[in-house]
Amino acid sequence: MTIKAFIFDLDGVITDTAEFHFLAWKQLADEIGVSFTREDNDQLRGVSRRESLKRLLKGRPVDEATAEVWMQRKNDIYREFLHQITPADSLPGVVHFLDEARKRGILIGLGSASKNARDVIERLKLMDYFEALGDGYSVVNPKPAPDLFIWVAGRLGVPPNEAVVFEDAEAGVDAALKGGFWTVGLGRAGVNAAHLVKEDGLKTLTVDAVLEVASG
Ligand code: B16
Ligand code: MG
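The structure contained in this document is the topic of the report that follows. (Residues numbered from 1 in each chain as written. Chains lettered and ligands numbered in written order. Predicted model: local features only at pLDDT ≥ 70, side-chain atom pairs only at ≥ 80, totals over all residues. Heavy atoms only, no water.)

## A closer look at the layout of surface pockets
Here comes step 1: Of the volumes computed, that of the largest pocket is approximately 730 Å³.
Here comes step 2: Of all the secondary-structure elements, those providing two or more residues to the lining of the largest pocket are helix H1 (18–32), helix H3 (49–57) and helix H4 (64–82).
Here comes step 3: Sort the elements by how many residues they give to the lining of the largest pocket and H4 lands first, with six residues.
Here comes step 4: Split into classes, the residues belonging to the lining of the largest pocket amount to 13 nonpolar, 13 polar and ten charged.
Here comes step 5: Residue contributions to the lining of the largest pocket reach at least three from each of two domains, namely domain 1 (5–16 + 88–214) and domain 2 (18–82).
Here comes step 6: As a volume, the second largest pocket reaches approximately 430 Å³.
Here comes step 7: Lining of the second largest pocket is provided by 22 residues; of these, Gly12, Asp16, Leu91, Asp168 and Gly187 occupy positions nearest its centre.
Here comes step 8: Going through the elements one at a time, H1 and helix H2 (38–42) are the ones with two or more residues in the lining of the second largest pocket.
Here comes step 9: Counting residues per element, the lining of the second largest pocket draws most heavily on H2, at three residues. (1 Å grid on protein atoms, 1.4 Å probe; cavity = no way out; pocket = protein on both sides within 12 Å on 5 of 7 lines; lining within 4 Å. Points joined across faces, edges and corners; volume = space filled by probe spheres on them. Helix = DSSP H or I, 4+ residues; strand = E, 2+ residues; numbered from the N terminus. Nonpolar A, V, L, I, M, F, W, Y, C, P; charged D, E, K, R; others polar. Domains from an automatic or database assignment.)

## With respect to the coordination of the magnesium ion (ligand 2)
When a metal carries six donors in an octahedron, the ideal angles between them are 90 or 180 degrees, while four donors in a tetrahedron ideally lie at 109.5 degrees.
Here comes step 1: The protein atoms that coordinate the magnesium ion (ligand 2) are Asp9 (OD), Asp11 (O) and Asp168 (OD), at distances of 2.0 to 2.2 Å.
Here comes step 2: Going along the chain, you hit the donors of the magnesium ion (ligand 2) in the pattern D-x1-D-x156-D. Of the two residues, aspartate 9 and aspartate 11, neither departs from the other in class, the shared state being buried. (Donors = N, O, S within 2.8 Å, 3.2 Å for Na, K, Ca; no water. Buried < 20%, exposed > 50% of the residue type's maximum accessible area, 1.4 Å probe, protein only.)

## A short note on the site of ligand 1
Here comes step 1: Taken together, 19 residues form the shell around ligand 1, and within it Asp11, Ala113, Ser114, Lys115 and Asn116 come nearest.
Here comes step 2: Separating an oxygen atom of ligand 1 from a backbone N or O atom of leucine 10 is a distance of 3.3 Å.
Here comes step 3: Taking asparagine 116, its side chain carries an N or O atom lying 2.7 Å from an oxygen atom of ligand 1.
Here comes step 4: Judged by the proximity of its atoms to the pocket grid, ligand 1 belongs to the largest pocket.
Here comes step 5: Looking at the shell around ligand 1, the elements that each hand over two or more residues are H3 and H4.
Here comes step 6: Residue classes in the shell around ligand 1 are distributed as five nonpolar, seven polar and seven charged. (Near = heavy atom within 4 Å. Polar contact = N/O pair within 3.5 Å; in protein donor to acceptor, adjacent residues only side chain to side chain. Sits in = over half its atoms within 2 Å of the grid points.)

Here you go:
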């Protein structure tokens, strides 16, 4: 099979916004009187804002109007942190990897659960690399549903079995596998089901290595 496209998750793959998400959720949790630790935050990796709130509340009931206010509050705090992002905040190896992929003529897409993904990519000054940008507005069913990656592949005009997804979170790896994508798991937690796992992210991974195994 010829691989024609690479689809990248954002948080944990292209850059590390997890700390900002943590600080914003932590501030909301303090304001509403819920305990929230870094370990709790690990459970929010790669899942939607709504699912994150549900997990943060740990079963505490909330009406829809209040949930909306709390999600908005968290997002307002989070967006303040985004002002700090500069092109220096791409994770190690990312720009080189994107350059190599582009040189090979591989189509490049983004598949992020975040409604702030476009803003983050713009702040990183990486927009030029992406031919399709799927974010928290693109589909109804969030990861672990495969819909987002399938949507991005469709925009790129490439079937899932000719595309590779790069993910750092269990929900994202599950989504990619369900969609029939060749899947690279980056990092240590929850990505073992992927076809290829790289603990140090894109730092030492080469485009050649991915194409060799994925084209198998
Ligand atoms: P927002 P990804 C995910 O990004 C984050 O990992 C997750 O923590 C966050 O809740 C989600 O985006 C939604 O983000 O609140 O900005 O819409 O890994 O899918 O790029
Ligand atoms: Mg992620």
